[in-house]
Amino acid sequence: MQTAMGNAQIRVTRQRPIDRAKGNPVPIPEPGSGTVQADAIVAPARTRISRCYKCQGYGHTAHYCREKTDICTYCARQGHRVGDCPNKEKRETCANCHHFGQEDDHSTNDRECPAYKFALEKEIRHTGYTKN
Ligand SMILES: [Zn+2]
Ligand SMILES: [Zn+2]
Ligand SMILES: [Zn+2]
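A quick note: this is a predicted structure, and the numbers were derived from the prediction, not measured.

K.L.:
How would you explain the overall build of the protein chain if you had to name every residue and give the values?
P.N.:
Looking only at helices and strands, the protein chain features 3 helices and 2 strands. Counting helices and strands in the order they occur from the N terminus, the protein chain gives β-β-α-α-α. For the protein chain, the proportion of its 132 residues judged to be buried stands at 15%. Within the protein chain, residue pairs in contact and separated by at least 24 positions form 30% of the contacts whose partners lie at least 6 positions apart.

So, in structure tokens, the structure goes:
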């Protein structure tokens, strides 16, 4: 078996992560414009952080949660889950921003949520890489 010296093919990962909030493909460089850079750009978009289904806090799971009661994703109140939310008539409240006393006039699932972005940046800094 002969090694293909001088004929090495560089493969570009042609992944197109979709920004679900907007539904637009995130632009990545075309092949030939650099392979390492392409991956570096894609990486942050793939980063996921765990969100606790109990308190909606980032960076831990319900297993490690210190909250005793559920916190609703929709209205950010304690004691029920979104399926039993009695406040569906009202505007959505971000559970995390509500918790931190920030502007909470958006969905807990909002990708533009400052609490989400903060947690995401912290995760990227912490791990330096992505987590699936
Ligand atoms: Zn929790
Ligand atoms: Zn609720
Ligand atoms: Zn928020």
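K.L.:
So what's going on with the nonpolar core? Residues and values would help.
P.N.:
Counting residues in hydrophobic clusters, the biggest one holds 11 residues: C55, I71, C72, Y74, C75, C94, A95, C97, C113, A115 and Y116. Put simply, the parts of the chain that give this core at least two residues each are α2 (95–99) and α3 (114–127).

K.L.:
Tell me about the UniProt feature "domain: CCHC-type" (unreviewed entry) in the protein chain, and name the residues and values.
P.N.:
As annotated by UniProt and renumbered to match this structure, "domain: CCHC-type" (unreviewed entry) occupies residues 72–87. Note that residues 72–87 is 0% helix and 0% strand, and that its end C-alpha atoms are spaced 10 Å apart.

K.L.:
Let's hear about unusual backbone geometry: which residues, and what values?
P.N.:
Backbone geometry at Q56 places phi at a positive 70°, although glycine is not the residue there. Examined against the element boundaries, Q56 turns out to sit in the loop between α1 (35–46) and α2. You will see that A76, though not glycine, has its phi angle at about 70°, which is positive. Within the fold, A76 resides in the loop between α1 and α2. Residue classification places A76 among the partly exposed residues on the basis of 19 C-beta atoms within 10 Å.

K.L.:
Which residues make up the confidence of the model for the protein chain, and what are the values?
P.N.:
Put simply, the protein chain has an average pLDDT of 78, and 61% of its residues get 70 or more. α2 holds the highest mean pLDDT among the elements of the protein chain, 97, whereas α1 holds the lowest, 48. Scored below 50 in pLDDT, residues 33–43 shows 16 contacts in the model against residues more than four places distant or in partner chains.

K.L.:
Can you explain the environment of D110? Please cite residues and give values.
P.N.:
Inspection of the secondary structure puts D110 in the loop between α2 and α3. Through-space distance from the C-alpha of D110 to that of C94 is 8.2 Å; in sequence the pair is 16 residues apart.

K.L.:
Any details on α3? Residues and values, ideally.
P.N.:
For the α-helix, the turn length of 3.6 residues means that residues three or four positions removed from each other point alike. Taking 1.5 Å of rise per residue, the 14 residues of α3 would be expected to cover 20 Å, and the 20 Å separating its terminal C-alpha atoms lies within 8% of that figure. Against the buried residues of α3 lie α2.

About the cut-offs
- Per chain, the residues get numbers from 1 upward, laid out in the order the sequence is written.
- Going through the entries in the order they are written, you letter the chains from A and number the ligands from 1.
- Only residues with pLDDT of at least 70 are given local features in this predicted model, and only at 80 or more are side-chain atom pairs given and counted; all residues enter the totals for whole chains, interfaces and linings.
- Secondary structure elements follow DSSP: runs of H or I of four or more residues count as helices, runs of E of two or more count as strands, with numbering from the N terminus.
- Burial in this document is a count-based property: other C-beta atoms within 10 Å of a residue's C-beta are tallied, and the residue is buried at 20 or more, exposed at 12 or fewer, or partly exposed in between, with C-beta positions derived from the backbone.
- For the purpose of contact definition, each residue receives a C-beta atom placed from its backbone, and two residues are in contact when these atoms lie within 7 Å.
- For this entry, the nonpolar core is defined as buried Ala, Val, Leu, Ile, Met, Phe, Trp, Tyr and Cys residues connected by C-beta atoms within 7 Å.
- UniProt positions are given in the numbering used here, feature names are shortened, and annotations may be inferred rather than shown by experiment.
- What pLDDT expresses is the predictor's confidence in each residue, scored from 0 to 100.
- In this scheme, a helix's expected span is set at 1.5 Å multiplied by one less than its residue total.

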